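One-letter residues, chain by chain:
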Amino acid sequence: ADANANARPFTGLITRDREPENLEFPFSALSSWIMPNEQFFVRSHFPVPKVDLQTWRLEVEGLVDKPVSLTLEELRGMPSRSVTMVLECAGNSRIFLNPKVSGLQWELGAVGNTEWTGVPLSEVLKKAGVKAGAVEVVLEGMDRGEIKKEPVSPGKISYARSISLTKAMSPEVILAYQMNGEDLTPAHGFPVRAIVPGHYGMASVKWLNRIILLDREFRGYFQTTDYTYWNKQDGMPVQLFPVSEIEVKAEISRPGLHEVVPADSVYRMFGAAWTGESDVVKVEVSTDGAKSWQPAQLLGDPVRYAWRLWEYHWSTPSQPGRYTVMARATDAHGNTQPMDRDMHRGTYVITHVQPIDVQVRKVN
Ligand code: MTE
Ligand code: MO
């Protein structure tokens, strides 16, 4: 199969960076629980790597009984499963941070929810036999590039992230070769990517071709420099955390920022909410600048690791002017989105409640 055979024009996505290509979904265009493939956002640190399926292998090495090397055909021959999950970039909503920070200026659309199909990582690890003492699993992609950061630079490196062995052995973590029943597109990781439900997008390594079992914490660039933040914990003054689990968040699709909303009518507010290793149990909406909160209606059934759509019928004011609407979600662990930004989070995990300003106008 030719990787480019799967290439499709992206429909209606916003360019955030051209080289490498980074594309955002315009969140006010959300219309379905499953995001169509051609509207799924793209976040890549390096150019899309060339793949030759004649020589392509998935290698498993490190603390294993016997290293494993699989062709795509062998991998596709193993028992598969499908997982519908939300994939959110840890930098989603960065444009709303005040003061401004560097990094891609995502609005609300560095997020998508779709069905991924592939082989559970645990099955591949069982083939290799995990040795006692292994604690982390490094997932390495084929994409490479030069990192130029002052004062020290790691030079030319591959994209790699690790997850704990415990998470790696969980049944929802898969090595996916399909999204929505179609082969992965080049931009989304053809031929195989990791899918790590419950974790921010950086863990779902695209163009995956190497898995390494370690007896210690992985110290790679994307684990210890990029996708990390400093935090206070258990009385320790500061500690460096690799960004990992998704935190609870609701986003408003409609109304969009600065949308014109008719006065004296019923407007259907609509959006999505998600969390990491839990379920969204409540979404609330405020239309009076956080003075009061009303319950929104959760749509469909809960699916662990997927997002939940919600709606709220807003009786709009008769007085025209600028109004602010907000939404906030709560998960089954009792976590609710904060009103204010926790500055320790640096440039990631942007989950504080986002005010959306709209213009209420008389229709006639
Ligand atoms: N995997 C590789 N090999 N290279 C990358 O740059 N980006 C990560 C992750 N996997 C990345 C990667 C990040 S930060 C995110 S948010 C998701 O892929 C985005 O997945 P998508 O492009 O399919 O939306
Ligand atoms: Mo990301």
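Residues numbered from 1 in each chain as written. Chains lettered and ligands numbered in written order. Predicted model: local features only at pLDDT ≥ 70, side-chain atom pairs only at ≥ 80, totals over all residues.

Asker: Which parts of the structure should I look at to understand the overall build of the protein?
Answerer: Tallying secondary structure elements over the protein gives 4 helices and 23 strands in all. A compact globule built from 364 residues should have a C-alpha radius of gyration of about 21 Å, and the protein, at 21 Å, falls within 12% of that. Burial status across the protein gives 42% buried among its 364 residues. Within the protein, counting contacts between residues at least 6 apart in sequence, those at least 24 apart form 70% of the total. (Helix = DSSP H or I, 4+ residues; strand = E, 2+ residues; numbered from the N terminus. Rg over C-alpha atoms; globule rule 2.2 N^0.38 Å. Buried ≥ 20, exposed ≤ 12 C-beta atoms within 10 Å, placed from the backbone. Contact = placed C-beta atoms within 7 Å.)

Asker: Would you take a moment to explain the UniProt feature "domain: Moybdenum cofactor oxidoreductase dimerisation" (unreviewed entry) in the protein for this structure?
Answerer: Following the UniProt record, one finds the feature "domain: Moybdenum cofactor oxidoreductase dimerisation" (unreviewed entry) at residues 244-340. Here residues 244-340 is 0% helix and 49% strand, with 21 Å between the C-alpha atoms at its ends. (UniProt positions renumbered as here; feature names shortened; annotations may be inferred.)

Asker: Just to check I follow, could you spell out the UniProt feature "domain: Oxidoreductase molybdopterin-binding" (unreviewed entry) in the protein for this structure?
Answerer: Taken from the UniProt record, the annotation "domain: Oxidoreductase molybdopterin-binding" (unreviewed entry) applies to residues 45-221. The straight-line gap between the two end C-alpha atoms of residues 45-221 is 12 Å; of that span, 10% is helix and 37% is strand.

Asker: Mind showing me how you'd approach the sheet that holds strand S8 (residues 155-164) here?
Answerer: By way of backbone hydrogen bonds, the strands of a sheet pair with one another, either parallel or antiparallel. The strand order S4-S3-S12-S7-S8 describes an open sheet built from 5 strands, whose pairing is mixed. At either end of the open sheet lies a strand with only one pairing partner, and these are strand S4 (68-70) and S8. Between one strand axis and the next, the sheet turns through 25° on average, direction left out of account. The pairing of strand S7 (residues 136-147) with S8 spans 9 bridges and is antiparallel. Of the residues in S8, the one forming a bridge with isoleucine 147 is glycine 155. (Pairing = 2+ DSSP bridges. Axes fitted to C-alpha atoms, helices over the stretch in contact; angles between N-to-C directions.)

Asker: Just checking my understanding: could you explain the domain arrangement of the protein for this structure?
Answerer: One widely used convention gives an interface's size as the accessible area the parts lose upon coming together. Examined at the domain level, the protein breaks down into domain 1 (3-242) and domain 2 (249-361). Each of domain 1 and domain 2 was reduced to a C-alpha centroid, and the two centroids are 28 Å apart. With 28 residues of domain 1 at the interface, the matching set in domain 2 holds 23 residues. For the side of domain 1 that touches domain 2, the secondary structure elements donating two or more residues are strand S5 (81-88) and strand S13 (228-233). Among the residues forming the side of domain 1 that touches domain 2, the class breakdown is 15 nonpolar, 10 polar and 3 charged. (Domains from an automatic or database assignment. Nonpolar A, V, L, I, M, F, W, Y, C, P; charged D, E, K, R; others polar.)

Asker: When you look at unusual backbone geometry in this model, what are you seeing that I'm missing?
Answerer: Glycine aside, a negative phi is what most residues show, and trans is what most peptide bonds show. Following phenylalanine 190, the chain continues to proline 191 via a peptide bond in cis, the omega torsion being 5°. Within the secondary structure layout, proline 191 lies in the loop between strand S10 (182-183) and strand S11 (193-195). The amide bond that connects arginine 254 to the next residue, proline 255, takes the cis arrangement and shows omega of 5°. The residue proline 255 is located in the loop between strand S15 (249-254) and strand S16 (260-262) in this model. Its identity is not glycine, yet tyrosine 227 carries a phi of approximately 60°, on the positive side. Positionally, tyrosine 227 belongs in the loop between helix H4 (221-224) and S13. One non-glycine residue, tyrosine 305, lies in positive phi territory at about 80°. Inspection of the secondary structure puts tyrosine 305 in the loop between strand S20 (297-298) and strand S21 (308-315). Residue tyrosine 305 is classed as buried on the basis of its 23 C-beta neighbours within 10 Å.

Asker: Whenever I open this one, the environment of isoleucine 350 confuses me. Can you help?
Answerer: Residue position: isoleucine 350 is located in the loop between strand S22 (321-331) and strand S23 (356-361). Classification of isoleucine 350 by C-beta neighbours within 10 Å gives buried; the count is 24. In the structure, isoleucine 350 is positioned 323 residues away from phenylalanine 27 in sequence and 16 Å away in space, judged by C-alpha atoms.

Asker: Could you clarify how one ought to interpret the site of ligand 1 in this entry?
Answerer: Around ligand 1, 18 residues are found, and the nearest of them are His45, Cys89, Gly141, Tyr159 and Gly201. Taken together, the residues that form the shell around ligand 1 break down as 9 nonpolar, 6 polar and 3 charged. (Near = placed C-beta within 6 Å.)

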